[in-house]
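Okay, here's what each chain looks like letter by letter:
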Amino acid sequence: MTALVEARGLAHAYGTVPVLRGVDVALAPGKLVVVVGPNGAGKTTLVRVLSGVLRSDSGEVALAGAPLARRTRRDVARRLAVVPQESSVPFPFSVREMVALGRAPFLGAFGRESKDDVDRVDAALAALDLVGLAQRAYPTLSGGEKRRVLLARALAQGVDAWLLDEPTASMDLGHALFCFEWLAAWLRDSPSRGILLVTHELSLGARFADELILLVGGAVLARGAPADVLTPERIAEVYGVEARVERDASGRLLVSPLRSIR
């Protein structure tokens with residue numbers, strides 16, 4: 001089965017400082033791959049390289065089996081949705097206009113929306129509980145509300161491969177859990193879909209991940225099932241935190257920080 005997104009041997013440096021070192025990653029259809037790691041581990045750089053925003057110093061990225069570097073930006077946008085860690089806009093777009101940008105790669109020569117485009121935007125606003133904010137100016141929203149708008153934009157885009165950089169940052173507990181549950185349900189709706197997601201939410205990431213990747217110092221320290229990656233010993237080593245790792249009644253992993261041991 002061809003991976004939606006695959007990378008081998010990614011290496012990148014900012015000046016003389018290496019931020020990615022020999023990173024391999026594959027996003028298979030039907031899977032939620034969660035990338036965790038401390039600040040400065042290279043997680044955002046990994047998303048930028050995988051999306052083509054940044055060219056790696058070495059290594060290769062493939063999108064749907066073809067080299068990413070050989071695809072046009074329009075072709076990439078018709079196959080890959082990206083929610084970046086930060087998204088500034090030059091104009092005070094409304095929420096609806098921001099979500100409608102997800103349809104831009106599919107518009108015709110005159111940029112006119114079809115009924116299908118409008119319907120997809122309406123459905124995305126409803127799915128992320130944004131109908132009541134549709135006419136609000138995007139810059140006036142809270143950080144958590146902006147994250148939901150960017151997720152809705154990805155949904156309106158209508159593609160199968162998603163790269164999400166801290167999609168629940170600034171969200172309250174209820175909305176963060178809702179978004180993880182919604183993403184898991186979106187994956188279940190079609191076996192052709194896949195998500196690679198960066199997060200600092202260890203419990204939520206572990207609860208929903210099919211594969212967990214722990215990135216430290218630009219390299220993969222561990223990967224696999226969440227219970228194999230997030231051990232108390234490894235959390236202490238990487239984060240300087242004593243943590244309790246246990247399973248809830250449903251068998252899903254819970255990570256509870258107890259105290260700093262730096």
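Above this text sits the structure in question.
Remember, predicted model here, so these are calculated numbers, not experimental data.

Asker: How do you make sense of the pattern of salt bridges when you look at a structure like this?
Answerer: In this structure the tally under the stated criterion is 11 salt bridges. Residues Asp75 and Arg71 are paired through a salt bridge, measuring 2.6 Å at the closest nitrogen-oxygen approach. With relative accessibility at 15%, the residue Arg71 sits in the buried group. Among the salt bridges present, the one from Glu211 reaches Arg223, with a minimum N-O distance of 3.6 Å. Of this pair, Glu211 sits in strand E9 (residues 211-216) while Arg223 sits in strand E10 (residues 219-224), placing them 12 residues apart in sequence. Bridged by salt links that share partners, the residues Arg103, Asp116, Asp117 and Arg120 form one connected network.

Asker: Help me understand helix H4 (residues 115-127) in this model?
Answerer: Each α-helix winds once per 3.6 residues, and so residues spaced three or four apart point in a common direction. End to end, H4 covers 18 Å across 13 residues, agreeing with the expected 18 Å (1.5 Å per residue, within 8%). Buried within H4 we find Asp117, Val121, Ala124 and Leu125. All buried residues of H4 project into a common sector of 100° when viewed along the axis, lining one side. The first or second residue beyond H4 is Asp129, which carries a positive phi of 60°.

Asker: Whenever I open this one, the sheet that holds E10 confuses me. Can you help?
Answerer: Within a sheet, neighbouring strands are paired by backbone hydrogen bonds and run either parallel or antiparallel to one another. A sheet is described by the order of its strands in space; here six strands give the open sequence E6-E7-E8-E3-E9-E10, paired in mixed fashion. Looking at the sheet topology across the chains shown, the edges are occupied by strand E6 (80-83) and E10. This sheet shows a mean twist of 15° between the axes of neighbouring strands, independent of strand direction. As paired elements, strand E3 (residues 32-36) and E9 share four bridges and run parallel to each other. Along E9, the bridge assignment pairs Val35 with Ile213.

Asker: Sorry, what's going on with the packing of H4 against helix H5 (residues 143-157) here?
Answerer: Working note: a packed helix pair is described by the angle between its axes plus the distance between those axes. Here H4 crosses H5 at 140°, and the two axes come no closer than 8 Å. Crossing hand, H4 versus H5: right-handed. On the side of H4, the interface is formed by Arg120, Val121, Ala124 and Ala127, while H5 contributes Ala152, Leu155 and Ala156. Class assignment of the residues belonging to the contact of H4 with H5 gives a composition of six nonpolar, no polar and one charged.

Asker: What am I meant to see in unusual backbone geometry here?
Answerer: Where the residue is not glycine, phi is negative for most of them; where a peptide bond is considered, it is trans in most cases. Here Ala64, not a glycine, exhibits a phi torsion of approximately 55°, which is positive. Relative to the helices and strands, Ala64 resides in the loop between strand E4 (58-63) and strand E5 (66-67).

Asker: What exactly am I supposed to notice about the sheet that holds strand E1 (residues 5-14) here?
Answerer: Sheet architecture is open: four strands sit in the order E2-E1-E4-E5, paired in antiparallel fashion. Each edge of the open sheet carries a strand with a single partner, namely strand E2 (17-27) and E5. Sheet strands touched by helix H1 (residues 43-51): E1, E2 and E4. Its angle to E1, the strand with the most contacts, is close to 120°.

Reading the values: rules and limits
Residues numbered from 1 in each chain as written. Predicted model: local features only at pLDDT ≥ 70, side-chain atom pairs only at ≥ 80, totals over all residues. Heavy atoms only, no water. Salt bridge = Lys/Arg side-chain N within 4 Å of Asp/Glu carboxyl O. Buried < 20%, exposed > 50% of the residue type's maximum accessible area, 1.4 Å probe, protein only. Helix = DSSP H or I, 4+ residues; strand = E, 2+ residues; numbered from the N terminus. Expected span 1.5 Å × (residues − 1). Arc of directions from axis to C-beta. Pairing = 2+ DSSP bridges. Axes fitted to C-alpha atoms, helices over the stretch in contact; angles between N-to-C directions. Left-handed = near helix turned anticlockwise from the far one by under 90°. Contact = heavy atoms within 4.5 Å. Nonpolar A, V, L, I, M, F, W, Y, C, P; charged D, E, K, R; others polar.

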